[in-house]
Amino acid sequence: MWRSHDLIAVTTEERLLDACAKMKKEKLHKVAVYDKESQLVVGTLTLRDVMMFFIKNFTAEKEEAFKIEVENLKSIDIIKNVICVRDTDYLYHALEVLLHYRVSSVPVVNEKEEYLGMILKSDIHYIIRDNHFQYVIL
């Protein structure tokens, strides 16, 4: 059975510096943002979001900007309606979502809307190679 990548996400309480370090380490340009207490996906954080934040807020105190929590980045609109797929959806539905919304990844949630993982466009290669076209399983 096909499984997505390990959970790579940030909570709304994590510092921007930590979120960027995680994205760099995992070679990602996007991570899901979830509320630690409720486990609900509340948005996504992309490298573009980070760049736009710095463009809008660049000052001499640039080091301090990395110490703020992801939750405080509302000025770049990361807390919004998020396109997600359910862990019970067929895999082709997740691929349709990727193509329809022209996104490179989509968070996977359970029936309680809790974050379980992320399906990436780059996963398509492995799905086809390994013939795993059943449910999204993390």
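Here the structure is a predicted model, which is why all the values come from computation and not from measurement.

Trainee: Describe the packing of aromatic side chains, and please don't skip the residues or the numbers.
Mentor: By the definition in use, this model includes 1 aromatic pair. Centre to centre, the rings of Tyr34 and Tyr115 are 5.9 Å apart; their planes meet at 10°, and the pair counts as stacked. Here Tyr34 is found in strand S2 (residues 30–34), whereas its partner Tyr115 is found in strand S6 (residues 115–120), with 81 residues between them in sequence.

Trainee: How would you summarise the nonpolar core if you had to cite specific residues and measurements?
Mentor: Counting residues in each nonpolar core, the largest one holds 22 residues, and the members touching the most others are Val10, Leu16, Val31, Leu45, Val50, Val70 and Tyr115. Only strand S1 (9–11), helix H1 (16–25), S2, strand S3 (41–46), helix H2 (47–57) and S6 provide two or more residues apiece to this core. Excluding its chain neighbours within four sequence positions, the residues that come into contact with Val50 are Leu16, Cys20 and Leu45. Counting residues in each nonpolar core, the second largest holds 10 residues, with Leu95, Leu98, Val106 and Val108 among its members.

Trainee: Before we move on, can you summarise the confidence of the model for the protein with the specific residues and values?
Mentor: For the protein, per-residue confidence averages 79 on the pLDDT scale, and residues scoring 70 or more make up 75% of the total. Here helix H3 (residues 62–65) is the element of the protein with the lowest mean pLDDT, 66, and strand S4 (residues 85–86) is the one with the highest, 92.

Trainee: Report on the pattern of salt bridges, specifying residues and quantitative values.
Mentor: A full pass over the atoms with the stated rule returns 3 salt bridges. Across the salt bridge formed by Arg15 and Asp18, the nearest N and O atoms sit 3.2 Å from each other. A relative accessible area of 32% places Arg15 in the partly exposed class. In this structure, Glu113 and Arg86 form a salt bridge, with 2.5 Å as the shortest nitrogen-oxygen distance. Of this pair, Glu113 sits in the loop between strand S5 (105–109) and S6 while Arg86 sits in strand S4; the two residues are 27 residues apart in sequence, bridging distant segments of the chain.

The rules behind the values
Residues numbered from 1 in each chain as written. Predicted model: local features only at pLDDT ≥ 70, side-chain atom pairs only at ≥ 80, totals over all residues. Heavy atoms only, no water. Phe/Tyr/Trp six-rings, centres within 6.5 Å; stacked < 30°, edge-to-face > 60°. Helix = DSSP H or I, 4+ residues; strand = E, 2+ residues; numbered from the N terminus. Core = buried A, V, L, I, M, F, W, Y, C linked by side-chain atoms within 4.5 Å. Buried < 20%, exposed > 50% of the residue type's maximum accessible area, 1.4 Å probe, protein only. Contact = heavy atoms within 4.5 Å. pLDDT = per-residue confidence, 0-100. Salt bridge = Lys/Arg side-chain N within 4 Å of Asp/Glu carboxyl O.

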